[in-house]
Amino acid sequence: MTSDKTVEQVITEPAKCTYTSCYCEENIWKLCALIQEECHESELSKCYSVFISNKSKKIPLWHQKASKAEDRLIDYHVIMLYVDAGRTLVYDLDTELGFPCTLKDYNSACLGDERNFDDKFKRMFRVIPAPEFLTTFASDRSHMLNDRKEWLSPPPNYPQITCPGSSNNIDEFISMDISSKHGEVYHLHEFLNKFL
């Protein structure tokens, strides 16, 4: 679609986005797809999907709607960055902060200072350009099934996301192994130095 609209003109509130609780990776994929469809073609190149996790898959992340306990750990989370005119906005459909909010505010409220964290809790960030994410990500949602093949959370009502050559590669995106081929992996200070 040819349009002169920017991301900020199209994505004005969470209600405009496809959302399924506990499927943050698909929410962000759908957000990137909406930008590709509704915005000027140059806008998608300003967007990045960001998988936040670590080798132990135990990360603290504050001000999330699903987590009311201050010490609750999650295995991973996915957000989108929009980088334009020297500023970075965070699109997180699960945050209690504004939508979008600045990376500075997101860092202060949701990420926080991890200098006193045990190493096993320090976050890493796999940053993938949105065009690459749209063409290389796939999930059959099997990670959301328990041992009895029951859903841990109801899946989205649209078809599973696939890509050429794969019906399920989500683990490659969640992994913070730098040898994985998707995007670039950063420690928190490297991530902030690049995008803040």
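First, a word on scope: everything that follows refers to the structure included in this document.

Procedures and definitions
- Residues numbered from 1 in each chain as written.
- Predicted model: local features only at pLDDT ≥ 70, side-chain atom pairs only at ≥ 80, totals over all residues.
- Heavy atoms only, no water.
- Helix = DSSP H or I, 4+ residues; strand = E, 2+ residues; numbered from the N terminus.
- Contact = heavy atoms within 4.5 Å.
- Pairing = 2+ DSSP bridges.
- Axes fitted to C-alpha atoms, helices over the stretch in contact; angles between N-to-C directions.
- Buried < 20%, exposed > 50% of the residue type's maximum accessible area, 1.4 Å probe, protein only.
- Arc of directions from axis to C-beta.
- Salt bridge = Lys/Arg side-chain N within 4 Å of Asp/Glu carboxyl O.
- Phe/Tyr/Trp six-rings, centres within 6.5 Å; stacked < 30°, edge-to-face > 60°.

### Some details on the side chain of N107
Then, number 1: Topologically, N107 is positioned in helix α3 (residues 103-111).
Then, number 2: Non-local contacts of N107, meaning those with residues more than four positions away in its chain, are made with G112, L188 and L192.

### Looking at the sheet that holds strand β7 (residues 124-129)
Then, number 1: Pairing is antiparallel in the open sheet, where six strands are placed in the order β6-β5-β4-β1-β7-β8. Sheet topology places β6 (101-102) and β8 (184-187) at the edges, where each strand pairs with a single neighbour.
Then, number 2: Where strand β1 (residues 47-53) and strand β4 (residues 77-84) come together, six bridges link them in antiparallel fashion. Within the sheet, the bridge partner assigned to Y48 lies in β4 and is L81.
Then, number 3: Each of β1, β4 and β5 (87-91) is contacted by helix α2 (residues 24-38), which is oriented at about 30 degrees to β4, the strand it contacts most.

### Things to note about α3
Then, number 1: Every buried residue of α3 is accounted for by L103, Y106, N107, C110 and L111. Seen end-on, α3 carries its buried residues on one side only, within an arc spanning 105 degrees. In α3, the exposed positions angled more than 90 degrees off the buried face are occupied by K104 and S108.
Then, number 2: Against β4, β5, β6, β7 and α6 (188-195) lie the buried residues of α3.

### Some details on the pattern of salt bridges
Then, number 1: Taken as a whole and judged by the stated rule, the model has eight salt bridges.
Then, number 2: For K46, the salt bridge goes to E43, with nearest N and O atoms at 2.8 Å.
Then, number 3: On the basis of relative accessibility, which here comes to 22%, the residue K46 falls in the partly exposed class.
Then, number 4: In the salt-bridge network here, residues are joined through shared partners; they are E43, K46 and D84.

### Details of unusual backbone geometry
Then, number 1: Cis geometry marks the peptide bond from F99 to P100; its omega dihedral reads -5 degrees.
Then, number 2: Looking at the element boundaries, P100 is found in the loop between β5 and β6.
Then, number 3: At R141, a residue that is not glycine, the phi angle is positive and equals roughly 70 degrees.
Then, number 4: By secondary structure assignment, the location of R141 is in the loop between α4 (130-136) and α5 (170-174).
Then, number 5: If you check the backbone angles, K149 has positive phi at about 65 degrees while not being a glycine.
Then, number 6: Summarising the element assignment, K149 is placed in the loop between α4 and α5.
Then, number 7: Look at K149 and you get exposed, because its relative accessible area is 65%.

### Quick notes on the packing of aromatic side chains
Then, number 1: Evaluation of the coordinates by the stated rule reveals twelve aromatic pairs.
Then, number 2: Ring centres of Y48 and F195 lie 5.5 Å apart, and the angle between their planes is 65 degrees; on these two criteria the pair is classed as edge-to-face. You can see Y48 sitting in strand β1 and its partner F195 sitting in helix α6, a full 147 residues away along the chain.
Then, number 3: Owing to a relative accessible area of 7%, F195 belongs among the buried residues under this scheme.
Then, number 4: Where W62 meets F117, the ring centres are 6.2 Å apart and the plane angle is 55 degrees; that geometry is what we call tilted. Placement of W62 in the loop between β2 (59-60) and β3 (73-74) and of F117 in the loop between α3 and β7 is noted, with a sequence separation of 55 residues between them.
Then, number 5: The buried category is assigned to F117, whose relative accessible area is 19%.
Then, number 6: Connected via pairs of aromatic rings, a cluster forms that spans Y48, F125, Y186, F191 and F195.

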